[in-house]
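Structural features, examined
Each chain, letter by letter, is given below.
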Amino acid sequence: MKIFQREQRSLFGEILDWMLTPLLLLWPVSLALTWLVAQGIAGKPFDRALEYNAQALSQLLVVSQPHQAQFSLPLPAREIMRADDSDQVYYQVRGAHGELLSGDTDLPLPPADEKPAEGPVHLRDDEMRGLDVRVAYLWVSLDLPGNPLALVQVAETREKRSVLAAEIIKGVMLPQFVILPLAVLLVWLALVRGIQPLKQLEERIRARTPDDLSPLDEKAVPLEVAPLVSSVNDLLTRLKDSIATQKRFLADAAHQLKTPLAGLRMQADLAQREGTNTAELKRSLQQIGRSSIRATHTVNQLLALARAENSGVSQSLQLCDLARLAIEVVRDSVPRALEKRIDLGYDGAEPGSPGVQIQGNPTLLKELVRNLVENAMHYTPSTDAHPGIITVRIQAAPDGQGTLLQVEDNGPGIPPAERELVFQPFYRALGTEADGSGLGLSIVQEIARQHQARVLLEDAHTAAVPPGLRVEVWFGG
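Given the structure is predicted, the values throughout are model-derived calculations rather than measurements.

Attention now moves to the pattern of salt bridges. In the structure shown here, the tally under the stated rule is 21 salt bridges. Two residues, Arg124 and Asp126, come together in a salt bridge whose shortest N-O distance is 3.0 Å. Residue class for Arg124 comes out buried when judged on its relative accessible area of 9%. We note a salt bridge from Asp459 to Arg419, for which the minimum N-O separation is 2.5 Å. Of this pair, Asp459 sits in the loop between β13 (453–458) and β14 (469–475) while Arg419 is found in the loop between β12 (403–409) and α9 (440–450), placing the two residues 40 residues apart along the sequence. When its relative accessible area of 26% is taken as the criterion, Asp459 is described as partly exposed.

This next bit is on the sheet that holds β13. In spatial order, the strands read β9-β11-β12-β14-β13; together these five strands make up an open sheet with mixed pairing. Every other strand in the sheet has two partners, leaving β9 (342–346) and β13 as the edge strands with one partner each. Looking at each pair of strands side by side, their axes are set apart by 10 degrees on average, direction ignored. Across seven bridges, the pairing between β12 and β14 is antiparallel. Across the sheet, Asp409 pairs through a bridge with Leu469, a residue of β14. Across the sheet, helix α7 (residues 322–339) touches β9, β11 (388–396), β12 and β14, and the angle it forms with β9 is around 165 degrees.

With that settled, the discussion passes to a nonpolar patch on the surface. Nonpolar side chains collect at one region of the surface, where Leu182, Leu185, Leu186, Trp188, Leu189 and Val192 lie side by side and expose about 520 Å² of accessible area between them. Relative to the assigned elements, Val192 resides in helix α3 (residues 159–194). On the basis of relative accessibility, which here comes to 30%, the residue Val192 falls in the partly exposed class.

So, about α9. For α9, the tally of buried residues reaches nine of eleven residues, placing the bulk of the element in the interior. For α9, every residue scored as buried is listed here: Gly440, Leu441, Ser442, Ile443, Val444, Glu446, Ile447, Ala448 and Gln450. Of the residues flanking the end of α9, it is Gln452, one or two places downstream, whose phi is positive at about 50 degrees.

Between α7 and helix α8 (residues 362–379), the shortest axis-to-axis distance is 9 Å and the interhelical angle comes to 35 degrees. Crossing of α7 over α8 shows right-handed handedness. Along the contact surface, α7 presents Leu325, Ala326, Glu328, Val329, Asp332, Ser333, Arg336 and Ala337, while α8 presents Pro362, Leu365, Lys366, Val369, Arg370, Val373, Glu374, Met377 and His378. In terms of residue class, the contact of α7 with α8 is made up of nine nonpolar, two polar and six charged.

It is worth spelling out the sheet that holds strand β5 (residues 122–128) at this point. Read across the open sheet, the five strands follow the order β4-β3-β7-β6-β5; overall the sheet is antiparallel. Of all the strands in the sheet, the pair left with one neighbour each is β4 (100–103) and β5. Taken over all neighbouring pairs, the strand axes of this sheet differ in orientation by 25 degrees on average, direction set aside. With six bridges connecting them, strand β3 (residues 89–94) and strand β7 (residues 149–157) associate as antiparallel partners. Its bridge partner being in β7, Tyr91 is matched across the sheet by Val154.

Okay, the packing of aromatic side chains next. In this description, an aromatic ring pair is defined by two values, namely the gap between the centres and the angle between the planes. Summed over the entire model, instances satisfying the criterion amount to zero aromatic pairs. One Lys or Arg, Arg124, reaches over the ring of Tyr137 and ends 4.9 Å from the middle of that ring.

Bridge count between β9 and β11: five bridges; the pairing is parallel. Opposite Tyr346, over in β11, you have Val392 as the bridge partner. The turn linking β11 back onto β12 is made up of six residues, and Gly400 within it adopts a positive phi angle of 75 degrees.

Ranked by internal contacts, the top residues of the largest apolar core, which has 42 residues, are Leu368, Leu372, Leu405, Val473 and Phe475. When residues of this core are traced back to their parent elements, those giving at least two are α7, β9, α8, β11, β12, α9, β13 and β14. In terms of residue count, the dominant contributor to this core is α8 (eight residues). Not counting residues up to four positions away in its chain, the partners in contact with Leu405 are Leu322, Leu368, Val369, Leu372, Val392, Arg393, Ile394, Val471, Glu472, Val473 and Phe475. Within the second largest apolar cluster, 19 residues are counted, among which are Tyr91, Leu138, Leu144 and Ala150.

Another point: the side chain of Ser58. Summarising the element assignment, Ser58 is placed in helix α1 (residues 11–59). Looking at Ser58, the relative accessible area reads 10%, which means it is buried. Not counting chain neighbours up to four residues away, the residues in contact with Ser58 comprise Leu138, Val140 and Val152.

Not every positive phi belongs to a glycine, and Arg129 is a case in point at roughly 55 degrees. In this structure, Arg129 sits in the loop between β5 and β6 (131–141). Judged by relative accessible area, which is 52%, Arg129 ranks as exposed. Positive phi, close to 60 degrees, is recorded for Arg341, a residue that is not glycine.

Mapping Val373 onto the fold places it in helix α8. For the pair Val373 and Ile390, spaced 17 residues apart in the sequence, the C-alpha separation amounts to 7.8 Å. Sequence-distant contacts of Val373, defined by excluding residues within four places in its chain, comprise Val329, Ser333, Leu344, Ile390, Val392 and Val407.

Parameters at a glance
- Residues numbered from 1 in each chain as written.
- Predicted model: local features only at pLDDT ≥ 70, side-chain atom pairs only at ≥ 80, totals over all residues.
- Heavy atoms only, no water.
- Salt bridge = Lys/Arg side-chain N within 4 Å of Asp/Glu carboxyl O.
- Buried < 20%, exposed > 50% of the residue type's maximum accessible area, 1.4 Å probe, protein only.
- Helix = DSSP H or I, 4+ residues; strand = E, 2+ residues; numbered from the N terminus.
- Pairing = 2+ DSSP bridges.
- Axes fitted to C-alpha atoms, helices over the stretch in contact; angles between N-to-C directions.
- Contact = heavy atoms within 4.5 Å.
- Patch = residues over 30% accessible without salt bridge, like charges linked within 9 Å, V, L, I, M, F, W, Y side chains within 5 Å.
- Areas by Shrake-Rupley, 256 points an atom, 1.4 Å probe, with all protein chains shown as cover.
- Left-handed = near helix turned anticlockwise from the far one by under 90°.
- Nonpolar A, V, L, I, M, F, W, Y, C, P; charged D, E, K, R; others polar.
- Phe/Tyr/Trp six-rings, centres within 6.5 Å; stacked < 30°, edge-to-face > 60°.
- Lys NZ or Arg CZ within 6 Å of the ring centre and 35° of its normal.
- Core = buried A, V, L, I, M, F, W, Y, C linked by side-chain atoms within 4.5 Å.

Below you can see the structure in the form of structure tokens.
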């Protein structure tokens, strides 16, 4: 089967692309804008010259007798207008009735939709004899009856304008050909300098020893990288806790299994020495059986604690009927309760009742109830004078804001001074003769913590001797 691996991207290359691509795309836009601006700048002085020429020609328009407009352009002025080496200059003067008084006949007239009116000089772009020209024109009022208007136009080809605009563009764009590569180089150097802290962070991480799980210094990295470093520190903290839990588990397992395994070996040696003594051999085998049961119970408790501490319960939450789980545990524990002559029963809400459904991991919740029941059976003696009684209850909180699990017994109870200590692994209350691993309530506390529940220890019967123990677990309250 072919595996498609996602191509690894370079952060440096991606940032460089995102910085240089807009720069390279904007450069042609800059050229176009520069061309337009250069055209405007180059045209202004020549437009003013055209306006001046049009006004000068309008001064030569006079009215003679008998009431006729006349235009006379002196020869020197005519020669000056025609003396331009780069461009062709044309002019045209028309009388009040549109008759040609002087100049070029084929010079285009102003737009037909423009109403003639005396005023300032107007400018327009036009075409004459296949050449683009710039035209300056104005209407001149004649001293005749009705003040008719005469038209004066001066046109010039655009060669000088194009040459000047090209010179402006060269002056602007040529430096850009030098600046653009320099800008690319500076951007590249800036990026190299900018990602240097990442390389330093990488070197600091690589230089660490495998057992160094101390947090990274968030103040020694750029602000943008601080969230990443914070996440790494959080991961290191969780990894450190996980390793500490594993080490504690191995140490506890070795410590707790040492005694029953040593007992097994000793009893096995004794059984071998007894030879034909059937009674002693039977007693040794009974001790071996009890030691193996204790070792098995300890291993199961250790595995349950490890499973509870590393379950990731938040990833496997589902709606659980706590009453149904409690009844199943009670039913499974009845044979052992009968063996120990303990009255074990369930007194609480029925499965499916309102308020007994919670979000949780059913396996861990069942383990919690089982440990409470087994812990109660383990430490509750049962005699003819004082029969053992254990009651499991599930009920909804009166305000409907939680679910309560209770496991109550009539055993010796736990003194108030030791109720916080019994949640520590392998701690056993003083004065108890029952053989146990001291892990049951530690498992309960860990599972309750993962379900955001609270565990409380109280006397079951305050006026009785012994007072018994009531363990309450509040879910969602």
